[in-house]
Amino acid sequence: MEKRELLYEGKAKKVYATDDPAFVIVSYKDDATALDGLKKGSILGKGAINNRMTNRLMQLLGEQGIPTHFVRELSDRETVVRKVRIVPLEVIVRNISAGHFASRYGVAEGMVFDEPTLEFSYKNDDLHDPLLNDSHALALKLATREEIDWIRACALRVNELLKAYFLERNIRLVDFKLEFGKTADGTLVLADEISPDTCRFWDATTGEKLDKDRFRRDMGGVEEAYSEMSKRVFGGE
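Residues numbered from 1 in each chain as written. Predicted model: local features only at pLDDT ≥ 70, side-chain atom pairs only at ≥ 80, totals over all residues. Heavy atoms only, no water.

(A) The packing of helix α1 (residues 46–63) against helix α6 (residues 222–234), seen in detail. Packing of α1 against α6 brings their axes to within 10 Å, and their N-to-C directions diverge by 30°. As judged from the angle between their axes, α1 and α6 are roughly parallel. Like other packed secondary-structure pairs, α1 and α6 cross with a definite hand, here left-handed. Seen from α1, the contacting residues are K46, I49, N50, R52, M53 and R56; seen from α6, they are Y226, S227, M229, S230, V233 and F234. Of the residues in the contact of α1 with α6, the class split is six nonpolar, three polar and three charged. (Axes fitted to C-alpha atoms, helices over the stretch in contact; angles between N-to-C directions. Helix = DSSP H or I, 4+ residues; strand = E, 2+ residues; numbered from the N terminus. Parallel < 35°, antiparallel > 145°, perpendicular 65-115°, else oblique. Left-handed = near helix turned anticlockwise from the far one by under 90°. Contact = heavy atoms within 4.5 Å. Nonpolar A, V, L, I, M, F, W, Y, C, P; charged D, E, K, R; others polar.)

Put into structure tokens, the structure is as follows:
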């Protein structure tokens, strides 16, 4: 598959056209941002780790009946995916209080929920991705009722599968963000990435943070955390 012009460059990835309009190539960068882009930096090796981990997890979910945009991995940093139009709803699934949830509602980090919480936010950088509910999403015509219901059910199923997968590797899946897209024929699929950039991972024994929070909070050991997550997922591969 031939890589052609750059279509889009975001905070963590570049997207290139190919000679087939149904597919694009995603290239992962080491660039890192936080706090709505106010904090910028680089995490050595992040792009390769996020690319390979996302692909592994997308394949795992695909085997369990979750439709995804993944097609094939080209290299450590580049992957062919189906071209989609992203639904402007970010889906956040939380199993344990942390981050914005803890600060927004005045609770301590680490409170384990009786059941997962699911939040939607409007994917809009200019508005700083505000929270919204189903009624808001419908009013703004971001998705139909059927699409919202499907996305909710799919996200909760992804949570069940990933929680079990990571717990086997002594990792607690605290929370994570998902994005969904529509292919040319209107089929909804899981898109974007699943990585330490988009998930909170805590060591199940020590509680050590193994994700982008180490960058956001200037905790140090950022590259080591990403490397540790790679080891837990890929072992000696």
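(B) Here's a closer look at the pairing of strand β13 (residues 188–191). Of the two faces of β13, both are covered, the one formed by L188 and L190 as well as the one formed by V189 and A191. Direction of pairing for strand β12 (residues 171–182) relative to β13: antiparallel, over a ladder of four bridges. From the neighbouring strand, E179 faces β13, where its bridge partner is A191. From the end of β12 to the start of β13, which pair antiparallel, there are five residues, and G186 there has a positive phi angle of about 90°. (Buried < 20%, exposed > 50% of the residue type's maximum accessible area, 1.4 Å probe, protein only. Pairing = 2+ DSSP bridges.)

(C) Summary view of the environment of T183. Position of T183 among the secondary structure elements: in the loop between β12 and β13. Sequence-wise, T183 and F23 are 160 residues apart; in three dimensions their C-alpha atoms are separated by 9.8 Å. A polar atom in the side chain of T183 sits 2.5 Å from the side chain of D185. (Polar contact = N/O pair within 3.5 Å; in protein donor to acceptor, adjacent residues only side chain to side chain.)

(D) Expanded view of helix α4 (residues 145–167). In this model, α4 (23 residues) spans 33 Å end to end at C-alpha, consistent with the 33 Å of a helix rising 1.5 Å per residue. Of all the residues in α4, the buried ones are E147, I148, I151, C154, A155, V158, N159, L161, L162, Y165 and F166. (Expected span 1.5 Å × (residues − 1).)

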